[in-house]
Amino acid sequence: MKRVILYTVTVLCLLSAGQISAQISPTNIDASIALKIPGNDAVNYPLKGFAGDQSVQLKADKDIPVVITRTIKENRLEVVITAKEDINFNFKQRINTSYSHDDCQFYMPGFWYRRNLRSPKEAPSFHTSDSWTVREDRLSVPMTAVFNEKTGEYLSVMRMDDFTHETLTTHKEGEVIVSGKTSVGYTGFENVDNSANLSFGFPYYETPKTYIRKLTLAPPVEAFQHLGKGESIQLTWLLQSGKVSDFSELIRQLWEYSYDTWRPKTVDTPFGDDFVKETLTGFFTQSFVEDHPLKFNSGEAMVVATCESVGRAEIGFVGRVLLNAFNALEYGQQHNRDELVTNSYAVFDSYLDHGFTPNGLFREFVNFDDSSVKSNAGTLSIRRQSEGLYAMFHFLQYEKENGRKHPEWESKMKTLLGKVMLLQNADGSFPRKFNDDLAIADGSGGSTPSVTVPLVMASQYFNDKKYLAAAKKTADYLEKEIISKADYFSSTLDANCEDKEASLYAATAMYYLALVSKGNEQQYYADLCRQASYFALSWYYMWDVPFAQGQMIGDIGLKTRGWGNVSVENNHIDVFIFEFGSVLNWLSKRYEEPRFNEYVKVISSSMRQLLPFENHMCGVAKTGYYPEVVQHTNWDYGRNGKGFYNNIFAPGWTVASLWELLSPGRAEKFLLK
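Remember, predicted model here, so these are calculated numbers, not experimental data.

1. Quick word on the nonpolar core
- Judged by nonpolar contacts, the single largest core of 163 residues is most densely connected at F362, W409, M413 and F580.
- Looking at this core, the element that brings in the most residues is helix α9 (residues 500-515), giving 11 residues.
- Of all hydrophobic cores here, the second largest spans 43 residues; its members include A31, I87, F111 and V157.

2. Re the layout of surface pockets
- The calculated volume of the largest pocket comes to roughly 490 Å³.
- When residues of the lining of the largest pocket are traced back to their parent elements, those giving at least two are β25 (312-314), β27 (380-381) and β34 (648-649).

3. Side note on the packing of helix α3 (residues 321-334) against helix α5 (residues 382-401)
- The N-to-C vectors of α3 and α5 enclose an angle of 25°; their axes lie 8 Å apart at closest approach. One way to sum up the angle between α3 and α5 is to call them roughly parallel. Like other packed secondary-structure pairs, α3 and α5 cross with a definite hand, here left-handed. From α3, L322, L323, F326, L329, E330 and Q333 reach across to α5, where they touch G388, Y390, A391, M392, H394, F395, Y398 and E399.

4. Considering the packing of aromatic side chains
- With the rule as written, the count across this model stands at 53 aromatic pairs.
- Their ring planes at 55° and their centres at 4.6 Å tell us that F163 and W543 sit as a pair that is tilted. Pair noted here: F163 is in the loop between β13 (153-160) and β14 (174-177) and W543 is in the loop between α10 (519-537) and α11 (552-556), with a separation of 380 residues, a long-range link.
- When its relative accessible area of 5% is taken as the criterion, F163 is described as buried.
- When the ring of Y331 is compared with that of W659, the centres are 5.3 Å apart and the planes differ by 80°; the resulting orientation is edge-to-face.

5. Details of the environment of K150
- As for its position among the elements, K150 is in the loop between β12 (143-148) and β13.
- Along the sequence, K150 and T269 sit 119 residues apart, while their C-alpha atoms lie 47 Å from each other.

6. Here we look at empty space enclosed by the protein
- Per the stated rule, a full pass over the model turns up 5 cavities of 30 Å³ or more.
- Size it by volume and the largest cavity reaches roughly 150 Å³.
- Every residue lining the largest cavity is counted, 16 residues in all, and those nearest its centre are R320, Y505, T508, F578 and E579.
- Of all the secondary structure elements, the ones that give two or more residues to the lining of the largest cavity are α5, α7 (449-461) and α9.
- Taken together, the residues of the lining of the largest cavity break down into 9 nonpolar, 3 polar and 4 charged.

7. As for α10
- In a regular helix each residue adds 1.5 Å, so 19 residues correspond to 27 Å; α10 covers 27 Å between its end C-alpha atoms and thus fits that length.
- Listed in full, the buried residues belonging to α10 are Q522, Y525, A526, L528, C529, A532, S533, Y534, F535, A536 and L537.
- Contact partners of the buried residues in α10: β10 (112-114), α1 (247-262), α8 (465-483), α9, α12 (580-590) and α13 (594-606).

8. A word on the pairing of strand β3 (residues 31-35)
- Buried residues dominate β3, accounting for 5 of its 5 residues.
- Residues A31, I33 and L35 point to one face of β3 and S32 and A34 to the other, with burial holding for every one of them.
- Inspection of the sheet shows β3 paired to strand β8 (residues 87-100) by 5 bridges, in the antiparallel sense. Paired with A34 across the bridge in β8 is N90.

9. Notes on the packing of helix α2 (residues 273-286) against α3
- One can describe the packing of α2 onto α3 by two numbers: an axis separation of 11 Å at closest approach and a directional angle of 125°. When the interaxial angle is binned, α2 and α3 end up oblique. Crossing of α2 against α3: the hand is left-handed. The residues of α3 that touch α2, namely those facing K277, E278, T281, F283 and F284, are N324, N327, A328 and Y331.
- Tallied by class, the residues present in the contact of α2 with α3 amount to 4 nonpolar, 3 polar and 2 charged.

10. So, the pattern of salt bridges
- For the structure shown, the criterion picks out 42 salt bridges.
- R337 is paired through a salt bridge with E278; the nearest N and O atoms lie 3.2 Å apart. Taken together, the residues span a long stretch of sequence, with R337 in the loop between α3 and α4 (338-354) and E278 in helix α2 at a distance of 59 residues.
- Residue classification places R337 among the partly exposed residues on the basis of a relative accessible area of 23%.
- When its relative accessible area of 38% is taken as the criterion, E278 is described as partly exposed.

Conventions and cut-offs
- Along each chain, residues carry numbers from 1 onward, in the same order as the chain's sequence is written.
- A pLDDT threshold of at least 70 governs which residues receive local features in this predicted model, and a stricter bar of 80 or more applies before side-chain atom pairs are shown or counted, although totals over entire chains, interfaces and linings include all residues.
- Derived side-chain values reflect all non-hydrogen atoms in the structure, with water molecules and hydrogen atoms excluded from consideration.
- Each nonpolar core is a collection of buried residues, namely Ala, Val, Leu, Ile, Met, Phe, Trp, Tyr and Cys, held together in the definition by side-chain atoms within 4.5 Å.
- Residue burial is assigned from relative accessible area. The probe radius is 1.4 Å, only protein chains are included, and a residue is buried under 20% of its type maximum, exposed over 50%, and partly exposed in between.
- Helix and strand assignments follow DSSP, with helices taken as H or I runs no shorter than four residues and strands as E runs no shorter than two, numbered in order from the N terminus.
- Only protein atoms enter the 1 Å grid, on which a cavity is a set of points fitting a 1.4 Å probe that cannot get out and a pocket is an open set with protein on both sides within 12 Å along at least 5 of 7 lines, lining residues being those with an atom within 4 Å of a point.
- Grid points are joined across faces, edges and corners, and a volume is the space filled by probe spheres set on the points.
- Only the stretch in contact is used when fitting a helix axis, every axis being a line fitted to C-alpha atoms; angles between N-to-C directions are given from 0 to 180 degrees.
- The cut-offs work like this: below 35 degrees is roughly parallel, past 145 is roughly antiparallel, 65 to 115 is roughly perpendicular, and the gaps in between are oblique.
- Take the far helix as the reference: if the near one is turned anticlockwise from it by less than a right angle, the crossing is left-handed, and if turned clockwise, right-handed.
- Contact criterion: two residues are considered in contact whenever any of their non-hydrogen atoms come within 4.5 Å of each other.
- Stacked, tilted and edge-to-face pairs are distinguished by plane angle, under 30 degrees for stacked and over 60 for edge-to-face with tilted covering the rest, among Phe, Tyr and Trp rings (Trp via its six-membered ring) whose centres lie within 6.5 Å.
- Side-chain classes are defined by residue name, with Ala, Val, Leu, Ile, Met, Phe, Trp, Tyr, Cys and Pro counting as nonpolar, Asp, Glu, Lys and Arg as charged, and the others, Gly among them, as polar.
- For a helix, the expected span equals 1.5 Å multiplied by the number of residues minus one.
- By the convention used here, strands pair only if DSSP detects at least 2 bridges between them.
- A carboxyl oxygen of Asp or Glu within 4 Å of a side-chain nitrogen of Lys or Arg is what we treat as a salt bridge.

Listed below in structure tokens is the structure:
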């Protein structure tokens, strides 16, 4: 790894139970600047501060064509760089926390949790290095925190700027002079002689590797910003220190601090809820496939440029066939849309007849385009089975309320639940993946909270306490192994790593249990729900990532605040929210926490920005096919990169997610009848 010359920082922390600030001794901070003459290797110059109390001029040991002034006031660090001649520069700073690196956990919101040890060595993690710096637009907040587990102390640094500029680059590794202005700097942490250091600077500088696509690390990159003679640039960072009981409390405190600092506002989207839903029905009507034994909305592995339907039926994530069928049915009957109603009943009827494995489990994924897998149950997952059950309980309850009964479906659900409950381990967990004969294919328990939800629903629908007992056992496991350890992982189907959905599902699971509980037990589940919710919230953006001219998503004007990053492996943003908005609104009332309610408004306003309709197609071929893989940083699934979508997408789940966001309180209506 390329090393810059080190510099010393003394941090004097003022700790209090409320607002916490950090003060820096200005005479003890050094920095460095790298200058690059085109066609030559960059030269790094260590800098020292001279004179002044709060404002110092940083100078190299030889004359360089740049004036650098640093001003420190309380927890605010400002640097002004002025070019005496045309220069290309990269400015670096490093703070020695004085914590032993071995005693520390690390946090970069929406990207790095603890040591990323759930992620493989092919993605950013301690498996590859114990020191990482990354470009700021990878993060839901441009922040890094170092947490000393032994003492409970932490120190964080957060960049503050307008973040209005981004530019295209010719290369993605090595020393790169950017072609215009960028606002994207870097942040991270480094192990220097077993002392944990906060590293940050401008423009971006990714070490020891840069992460360019799924499970693909590349050589490091160091960007250089051009500054013309007489031009200046101002850079600002905020330092925050404190003492917390554990990593969960660190996440809570820094999320609240970040929210209070950024104060994200709702996005001005002129699309009301009714218009959004009506537009999304374009997906229901155009994607319907009826020439196979199973009827379904084609919702995954589709080409963005054409949105042509394919013969792949997926019952849970990422296709959400049954949930889309229920949403279309309910909407169709409310708005006299006979086509939606007819198609929806066709889906449910076909799955009743052809949607189960020989052992009575859902056929989660059927590929009618490939005869070799058409009749094979394949490896099943607790998540997809659970999501199928969830959709079916909504359908059955809705039908019952409207005087229609489905005893065959109820019998199928009881059989399926019985098989699923055989998978529950003594500690309350469920395996992540298994075969139709219930042989375990992946025993990881990270997907357990997904099954809590339908178990609670089953207990209410069938009035049978055994399902609730099983759900409560999952809560025991989640509290002991997931929430108390702040170890949320393994919930996405294609990545067994730290991810947003694991914490989101854990919060939702506890929300469901709290709704059907009372007194101290309800408070217990509510507290766990809130704790998991902070982790889920940490994946959602507080700020607007800049895009370059020519990057389609930026040209459209996308504001990233309110969108969520996906996982360590899959470093893009998406609209995965489902019921989490209802969870946050419920928590906001219970704990009198207005931040939650206000942030739901941000999410709801922001996530509808890319709704495709006439003259507003957002790069998608058909109306209502909401985009999925929104690539917002230097990362891609293999196609197009920052500012574009991947060429393949799964609108089945994005439509279902937005629909649930715009259908608040479903769980409370279902469980509290």
